[in-house]
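Here are the chains, one letter per residue:
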Amino acid sequence: EGADWSQAMALPGSPADDPAPHIPNIVHATVLRWRAEPEDRASAKEAFDRVAATWEPMDVMVPRFRAVWEDIPYMHIPEDQDHIWWQSELRS
């Protein structure tokens, strides 16, 4: 799954010994999180199911992409020059 590097290729124009970038086939996003496990899991699931049933697809604008060095688990990376090594132009 997420560790499959079989189709990763070096970027065009990069040195031959550069490692190939890899976009994992997993989601790096949290949409909903409880602070602690609900005491009544069945009620929490029922409430979630009611809200989820009202969900409708939506367009989301992503104004910028970044490539970062991940040296801290769970994508809690500082927004600084030591971790961000490339970013696209910011679009409004």
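Residues numbered from 1 in each chain as written. Predicted model: local features only at pLDDT ≥ 70, side-chain atom pairs only at ≥ 80, totals over all residues. Heavy atoms only, no water.

### Here's the deal with the overall build of the chain
Move 1: Each helix and strand counted, the chain has 1 helix and 2 strands in total.
Move 2: Residues classed as buried in the chain amount to 7% of the 92 residues present.
Move 3: In the chain, of all internal contacts separated by at least 6 residues, the share reaching a separation of at least 24 is 21%.
Move 4: A total accessible area of about 9,100 Å² is found for the chain, and carbon and sulfur atoms account for 57% of it. (Helix = DSSP H or I, 4+ residues; strand = E, 2+ residues; numbered from the N terminus. Buried < 20%, exposed > 50% of the residue type's maximum accessible area, 1.4 Å probe, protein only. Contact = heavy atoms within 4.5 Å. Areas by Shrake-Rupley, 256 points an atom, 1.4 Å probe, with all protein chains shown as cover.)

### Section: the confidence of the model for the chain
Move 1: Of the residues in the chain, 76% have a pLDDT of 70 or more, and the chain-wide mean is 76.
Move 2: Across the chain, helix H1 (residues 41–52) holds the top mean pLDDT of 87, while strand E1 (residues 66–68) sits lowest at 81. (pLDDT = per-residue confidence, 0-100.)

### Side note on the pattern of salt bridges
Move 1: Per the stated rule, a full pass over the model turns up 3 salt bridges.
Move 2: In this structure, Lys45 engages Asp49 in a salt bridge whose closest nitrogen and oxygen atoms are separated by 2.8 Å. In this pair, Lys45 and Asp49 are both assigned in helix H1, 4 residues apart and thus about one turn of the helix distant. (Salt bridge = Lys/Arg side-chain N within 4 Å of Asp/Glu carboxyl O.)

### Concerning the side chain of His83
Move 1: Within the element layout of this structure, His83 appears in the loop between E1 and strand E2 (84–87).
Move 2: A polar contact of 2.7 Å, which involves the side chain of His83, links it to the side chain of Asp80.
Move 3: Contacts of His83, omitting those with residues within four sequence positions, involve Ala67, Val68, Trp69, Asp71, Ile72, Ile77 and Pro78. (Polar contact = N/O pair within 3.5 Å; in protein donor to acceptor, adjacent residues only side chain to side chain.)

### A short note on a nonpolar patch on the surface
Move 1: On the surface, Trp55, Met58, Val60, Val62, Phe65, Trp69, Trp85 and Trp86 cluster together into a nonpolar patch covering about 1,000 Å² of accessible area.
Move 2: Following the sequence through the fold, Trp69 ends up in the loop between E1 and E2.
Move 3: For Trp69, a relative accessible area of 53% translates into the label exposed. (Patch = residues over 30% accessible without salt bridge, like charges linked within 9 Å, V, L, I, M, F, W, Y side chains within 5 Å.)

### Comments concerning the side chain of Ser88
Move 1: Checked against the element boundaries, Ser88 lands in the segment after E2.
Move 2: A polar contact of 2.9 Å, which involves the side chain of Ser88, links it to the backbone nitrogen of Phe65.
Move 3: Non-local contacts of Ser88, meaning those with residues more than four positions away in its chain, are made with Pro63, Arg64 and Phe65.

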